[in-house]
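# Observations on the model geometry
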Amino acid sequence: NNAGITAYGPWELTPTDQLRALLEVNLVGVMAVTQAFLPSLRAGRGRIVNVSSTSGRFALPFLGAYAATKHALEALSDSLRRELAESGVQVIVIQPGRVDTRMVREAPIGDVSAYVGTPYEVGTRRLAERVRRQPSAPLQPSAVAAVIADALEARRPPTRVLLVPGSHWKAWAAGWLPARILDWVIARR
C-alpha cells in the first residue's frame, strides 16, 4: 500500500475537510484495499507492505495533519500484524524520508502567503527556508522500491524499515528521544 497525499500548515488553520481528505487517502484507502485482498493474502500466506513515512515516527510543526495520518497507519499496521499473526500473513512498514516524487516536488511548503499576519508566519517561513536549504537529495523512488521488494521476498522480514538518505541519523534518533528533548531540538532549529 503506497497511498499518500500531504498537507502543510498549522493545526489551528487546517480545514477539517483537508484533514478528512488526508485520512481518506492515507488511511481509509489503505484499509479498504487491504480488506479487499485479505482473503487471497490469507490463502497464500502473503504479505502486506504499508508505506508510511518518517512522519509516522515523529511529527514536525506545520506537518501535523500529514503526520497524524501516518501515525494512524503505523497503528493500523501494528494492530493488523498482531491480528494476522496466526494466519501467517506478515505486515511490514516502510518508513521513508523525503522521496523524489511529485508529491514532494509540488508540496506547498515554500508558499507561506496564507500565514502572513498570523501567529505562524515566522515558524512557517523558517520551515520553508530549512526545506529549501535541505542538505541532502531526496531518496530516489527506485531505492524505496528495492526496499519494498526486499520486504516482500525476505525469509524473515523486519516489521519496520526506516529508509532515510545518507547520514540522516536524526530521523532514527528522533524516534527514541524523549518528547521534551525532541521538542527542544525542533524549537532550536
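Look up: the structure comes first, before these words.
### Here's the deal with the packing of aromatic side chains
- Summed over the entire model, instances satisfying the criterion amount to two aromatic pairs.
- Measuring from centroid to centroid gives 5.9 Å for Tyr-8 and Tyr-115, while their planes differ by 85 degrees, and the two rings are edge-to-face. Of the two residues, Tyr-8 sits in the segment before helix 1 (16–44) while Tyr-115 sits in the loop between helix 3 (102–105) and helix 4 (121–132), which places them 107 residues apart along the sequence.
- Pairing Phe-62 with Tyr-120 gives two aromatic rings, centres 6.2 Å apart and planes at 80 degrees, and the pair type is edge-to-face.

### Some points on unusual backbone geometry
- One non-glycine residue, Arg-45, adopts positive backbone phi at about 50 degrees.
- Within the fold, Arg-45 resides in the loop between helix 1 and strand 1 (47–51).
- The residue Phe-62 is not glycine, and still its phi comes out positive at about 75 degrees.
- Tracing the chain through its elements places Phe-62 in the loop between strand 1 and helix 2 (64–84).

### Digging into helix 1
- In this model helix 1 runs 40 Å from its N-terminal to its C-terminal C-alpha over 29 residues, within 8% of the 42 Å that 1.5 Å per residue would give.
- When the local axis directions of helix 1 are compared, the greatest deviation, roughly 50 degrees, occurs at Leu-38, which is followed within four positions by the proline Pro-39.
- Three or more residues of helix 1 are buried, namely Leu-22, Asn-26, Leu-27, Val-30, Thr-34, Leu-38 and Leu-41.
- At its buried positions, helix 1 is contacted by strand 1 and helix 2.
- Taken from the residues just after helix 1, Arg-45 is the one with a positive phi, measuring 50 degrees.

### Re the side chain of Thr-69
- Here Thr-69 lies in helix 2.
- We classify Thr-69 as buried; its relative accessible area is 0%.

### Here we look at the pairing of strand 2 (residues 90–96)
- Most of strand 2 sits out of view: six of its seven residues are buried.
- Examined bridge by bridge, strand 1 and strand 2 share five bridges and lie parallel to one another. Within strand 2, the position partnered with Ile-48 by the bridge is Val-91.
- Two elements, strand 2 and strand 3 (residues 160–163), share four bridges in a ladder whose sense is parallel. For Gln-95, the partnering residue across the bridge sits in strand 3 and is Leu-162.

### As for the sheet that holds strand 1
- A sheet is described by the order of its strands in space; here three strands give the open sequence 1-2-3, paired in parallel fashion. Both outer strands of the open sheet, strand 1 and strand 3, are each paired with one neighbouring strand and no more. Neighbour to neighbour, the strand axes of the sheet diverge by 15 degrees on average, direction disregarded.

### Focus on the pattern of salt bridges
- Scanning the model with the defined rule gives five salt bridges in all.
- In this structure, the salt-bridge partner of Asp-78 is Arg-160, at a minimum N-O distance of 3.0 Å. One end of the pair, Asp-78, is in helix 2; the other, Arg-160, is in strand 3, and 82 residues separate them in sequence.
- Taken together, the shared-partner salt bridges connect Glu-74, Asp-78, Arg-81 and Arg-160 into one network.

### Structural notes on the packing of helix 1 against helix 2
- Where helix 1 meets helix 2, the axes come as close as 9 Å, and the angle between the chain directions of the two elements is 20 degrees. One element, helix 1, and the other, helix 2, form an angle in the roughly parallel class. Crossing angle aside, the handedness with which helix 1 passes helix 2 is right-handed. Where helix 1 approaches helix 2, its residues Leu-19, Leu-22, Leu-23, Asn-26, Leu-27, Val-30, Met-31, Thr-34, Leu-38 and Arg-42 are matched on the opposing element by Ala-65, Tyr-66, Thr-69, Lys-70, Ala-72, Leu-73, Leu-76, Leu-80 and Leu-84.

### Describing the nonpolar core
- Within the largest apolar cluster, 11 residues are counted, these being Leu-27, Val-30, Leu-38, Leu-41, Ile-48, Leu-73, Leu-76, Leu-80, Leu-84, Val-89 and Val-91.
- Of all the secondary-structure elements, those providing two or more residues to this core are helix 1 and helix 2.
- With near-sequence residues (within four places) excluded, Leu-84 lies in contact with Leu-38, Arg-42, Ile-48, Val-89 and Val-91.
- Core analysis: the second largest hydrophobic core is formed by 10 residues, Ile-94, Val-99, Val-144 and Val-161 among them.

Rules behind the numbers
Residues numbered from 1 in each chain as written. Predicted model: local features only at pLDDT ≥ 70, side-chain atom pairs only at ≥ 80, totals over all residues. Heavy atoms only, no water. Phe/Tyr/Trp six-rings, centres within 6.5 Å; stacked < 30°, edge-to-face > 60°. Helix = DSSP H or I, 4+ residues; strand = E, 2+ residues; numbered from the N terminus. Expected span 1.5 Å × (residues − 1). Bend = angle between axes of the 7 residues up to and from the residue. Buried < 20%, exposed > 50% of the residue type's maximum accessible area, 1.4 Å probe, protein only. Contact = heavy atoms within 4.5 Å. Pairing = 2+ DSSP bridges. Axes fitted to C-alpha atoms, helices over the stretch in contact; angles between N-to-C directions. Salt bridge = Lys/Arg side-chain N within 4 Å of Asp/Glu carboxyl O. Parallel < 35°, antiparallel > 145°, perpendicular 65-115°, else oblique. Left-handed = near helix turned anticlockwise from the far one by under 90°. Core = buried A, V, L, I, M, F, W, Y, C linked by side-chain atoms within 4.5 Å.

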